[in-house]
Amino acid sequence: MNVSIHQDRLNRELHELALISDVPAPAVTRVVFTPADLRGRTFVRELCQDAGLQIREDAVGNLFARWAGSKPELPAVATGSHIDAIPNAGMFDGTVGVLGGLEAIRALVRSGFQPRRSIELLVFTAEEPTRFGVGCLGSRLLAGTLDASGGERFKDRDGNSLDEVRIKAGFHGPLSGVRLPAGYCHAFLELHIEQGPVLEQQQIGLGIVTAIAAPASLRVSIEGPGGHAGAVLMPQRHDAFLAAAEIALAVEAAVLSSGSEDTVATTGVCEVFPGAVNSIPSRVHLEIDVRDIDQTRRDEVLRKIDRALAAIALRRGTAIQTEIINADPPARCDQLVIEALRRGCQIHGAAYEFMISRAYHDSLFMSLIAPAAMLFIPCRGGVSHRPDEYSSPEAIAHGVLVLAEALAQLAE
Ligand code: GLV
Ligand code: MN
Ligand code: MN
């Protein structure tokens, strides 16, 4: 099989997609179901149509682009990732797996390869938790780990429900219909930038992911009476922001006490109400992200945070409410899919290393319904979720070549 990757074209497409954003380049902001996200979807959909793939979109906007195999009734081999981007992100997170996955399929078509199983590109809705607080919304629904009540339950910061927003974006039908039937996928492979420094530091071309760390996230709301910044004396205050500041430090302390550098937590959202310099904060909204490759240790940190919240509420006389948005188990990747990627690396002379993904991905949920594994490409300085995120066109093309090889093996 003579597979060649059109590196310049892929690079051009990645840059074109990066310009579909709410902020000036090189930063990218493309939050789910905003006009930028919808334009990004149109861009990808048209490329898939140009490639001759059959398109289908489900009720939450997950896109499926299929190259039918000679035995279309067999479970398909799927690849893909996401195109939504957190505020002030870079241009490679997710998009490399979508446009790279598409290029892998186009390269196989060009080579004359005839798959027995269909090969399908998946573009997942809202891998990023920015708008609705929960990451991997599309893949959770595909895997059936989220019930249809999420459509009403999940609200953005303006109070719009997921159902309202998706229907306005043109995605109708019950969310219960998103779940994939058992045995839909023969295998799932996700190409992604590493988002960490290991491959670059060790000068290894590609990473084959064997496990994905377990993510959890919390929303915390803190309320106090507020009041005038001059008139209310310090002993009479129940400042919601000072309670929030203590919470952020307690989160850090809980993580540092885990005894492992694999435990991490971040208080990444802090909204202060009313947000006036001469008004004591009366309401604060925090969002906290906690992860570990070891679920037991991660859950112990969650319990410590919970105890700290109760103590802070009492000491500061503030009301504190916590909602656990998600607390997912880690994923183990599948040996057969790992082996297909390993053979792909060998065939193309690519140096590889087995590694763990500390970031989460749609593969975390796809692994619940299909044998799954991931392929990582190095990124400069390990930088991600920042505008200066960068992977070279050569490194991306190399990953796409190995992906194409693995897809072909699994679809044969
Ligand atoms: C995914 O974007 C993550 O935060 O790991
Ligand atoms: Mn991301
Ligand atoms: Mn991603």
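In what follows, the structure referred to is the one given above.
Residues numbered from 1 in each chain as written. Chains lettered and ligands numbered in written order. Predicted model: local features only at pLDDT ≥ 70, side-chain atom pairs only at ≥ 80, totals over all residues. Heavy atoms only, no water.

Engineer: Requested: an account of the packing of aromatic side chains, with residues and values cited.
Structural biologist: What describes a pair of aromatic rings is the distance from one ring centre to the other and the angle between the planes of the rings. Applying the stated criterion across every chain, the model contains six aromatic pairs. Ring plane angle 75° and centroid distance 5.7 Å describe the contact between Phe 124 and Phe 188, whose orientation is recorded as edge-to-face. A residue pair is termed long-range when its members are at least 10 positions apart, and Phe 124 in strand 6 (residues 119-124) and Phe 188 in strand 7 (residues 185-193) qualify at 64 residues. For Phe 188, a relative accessible area of 0% puts it in the buried group. Between the aromatic rings of Tyr 352 and Phe 354, the centroid separation amounts to 5.6 Å while the plane-to-plane angle is 70°, which identifies the pairing as edge-to-face. (Phe/Tyr/Trp six-rings, centres within 6.5 Å; stacked < 30°, edge-to-face > 60°. Helix = DSSP H or I, 4+ residues; strand = E, 2+ residues; numbered from the N terminus. Buried < 20%, exposed > 50% of the residue type's maximum accessible area, 1.4 Å probe, protein only.)

Engineer: An account of the coordination of the manganese ion (ligand 2) is requested, with residue identities and associated values reported.
Structural biologist: Metal coordination angles have textbook ideals: 109.5 degrees for a tetrahedral set of four donors and 90 or 180 degrees for an octahedral set of six. The protein atoms donating to the manganese ion (ligand 2) are Asp 93 (OD), Glu 128 (OE) and His 385 (NE2), with metal-donor distances spanning 2.0 to 2.1 Å. All donors of the manganese ion (ligand 2) come from a single chain, and their spacing in sequence reads D-x34-E-x256-H. The metal-metal distance between the manganese ion (ligand 2) and the manganese ion (ligand 3) comes to 3.7 Å, with Asp 93 coordinating both. Of the two residues, Asp 93 sits in the loop between strand 5 (85-89) and helix 3 (95-111) while Glu 128 sits in the loop between strand 6 and helix 4 (137-143), which places them 35 residues apart along the sequence. (Donors = N, O, S within 2.8 Å, 3.2 Å for Na, K, Ca; no water.)

Engineer: How would you explain helix 3 if you had to name every residue and give the values?
Structural biologist: In an α-helix, one turn spans 3.6 residues, which is why side chains three or four residues apart end up on the same side. A rise of 1.5 Å per residue sets the reference length of helix 3, with its 17 residues, at 24 Å; its end C-alpha atoms lie 24 Å apart and thus fit the reference within 8%. The buried fraction of helix 3 is high, at 14 of 17 residues. Just past helix 3, the residue Gly 112 takes up positive phi, approximately 90°. (Expected span 1.5 Å × (residues − 1).)

Engineer: Would you mind going over the environment of Leu 121 in detail, with residue names and values included?
Structural biologist: Counting through the fold element by element, Leu 121 comes out in strand 6. Separated by 19 residues in sequence, Leu 121 and Leu 102 place their C-alpha atoms 6.6 Å apart. Beyond its immediate chain neighbours, meaning those up to four positions away, Leu 121 contacts Cys 48, Leu 63, Phe 64, Ala 65, Thr 79, Gly 80, Gly 97, Val 98, Gly 101, Leu 102 and Ile 105. (Contact = heavy atoms within 4.5 Å.)

Engineer: I'd love a proper account of the site of ligand 1, names of residues and values included.
Structural biologist: Close contacts around ligand 1 come from Glu 127, Glu 128, Arg 291, Ala 359, Tyr 360 and His 385, and that covers them all. Within the side chain of Glu 127, one N or O atom sits 3.4 Å away from an oxygen atom of ligand 1. One nitrogen or oxygen atom from the side chain of His 385 is found 3.3 Å from an oxygen atom belonging to ligand 1. In isolation ligand 1 offers 190 Å² of accessible surface; the protein chains occlude 93% of this area. Across the shell around ligand 1, the residue classes break down as two nonpolar, one polar and three charged. (Near = heavy atom within 4 Å. Polar contact = N/O pair within 3.5 Å; in protein donor to acceptor, adjacent residues only side chain to side chain. Areas by Shrake-Rupley, 256 points an atom, 1.4 Å probe, with all protein chains shown as cover. Nonpolar A, V, L, I, M, F, W, Y, C, P; charged D, E, K, R; others polar.)

Engineer: Can you lay out the pairing of strand 17 (residues 372-377) for me, pointing to particular residues and giving the numbers?
Structural biologist: Of all six residues making up strand 17, six are buried, and the element is well covered by its neighbours. A two-sided burial pattern is seen for strand 17, the buried positions comprising Ala 372, Met 374 and Phe 376 on one face and Ala 373, Leu 375 and Ile 377 on the other. With six bridges joining them, strand 7 and strand 17 adopt parallel strand pairing. If you follow Ile 193 over to strand 17, its bridge partner there is Ile 377. The pairing of strand 8 (residues 206-212) with strand 17 spans three bridges and is antiparallel. Within the sheet, the bridge partner assigned to Gly 207 lies in strand 17 and is Phe 376. (Pairing = 2+ DSSP bridges.)

Engineer: Talk me through a nonpolar patch on the surface; I want residue IDs and the actual numbers.
Structural biologist: Residues Phe 241, Leu 242 and Val 272 make up a contiguous nonpolar surface patch of about 210 Å² in total accessible area. Structurally, Phe 241 can be placed in helix 8 (residues 240-256). (Patch = residues over 30% accessible without salt bridge, like charges linked within 9 Å, V, L, I, M, F, W, Y side chains within 5 Å. Salt bridge = Lys/Arg side-chain N within 4 Å of Asp/Glu carboxyl O.)

Engineer: Go over the coordination of the manganese ion (ligand 3) with me, naming the residues and quoting the values.
Structural biologist: The protein atoms donating to the manganese ion (ligand 3) are His 82 (NE2), Asp 93 (OD) and His 192 (NE2), with metal-donor distances spanning 2.0 to 2.2 Å. Sequence spacing of the donors to the manganese ion (ligand 3): H-x10-D-x98-H.

Engineer: Tell me what's going on with the pattern of salt bridges, and back it up with residues and numbers.
Structural biologist: The tally for this structure, following the rule as stated, stands at 24 salt bridges. One salt bridge in this structure joins Arg 307 and Glu 300, with 3.7 Å as the shortest N-O distance. We classify Glu 300 as partly exposed; its relative accessible area is 30%. In this structure, Arg 342 engages Glu 339 in a salt bridge whose closest nitrogen and oxygen atoms are separated by 2.8 Å. One end of the pair, Arg 342, and the other, Glu 339, are both in helix 10 (residues 335-347), three residues apart, so they sit about a helical turn from each other. On the accessibility criterion, Glu 339 (27% relative accessible area) is partly exposed.

The values reported here are purely geometric and, on their own, carry no functional implication.
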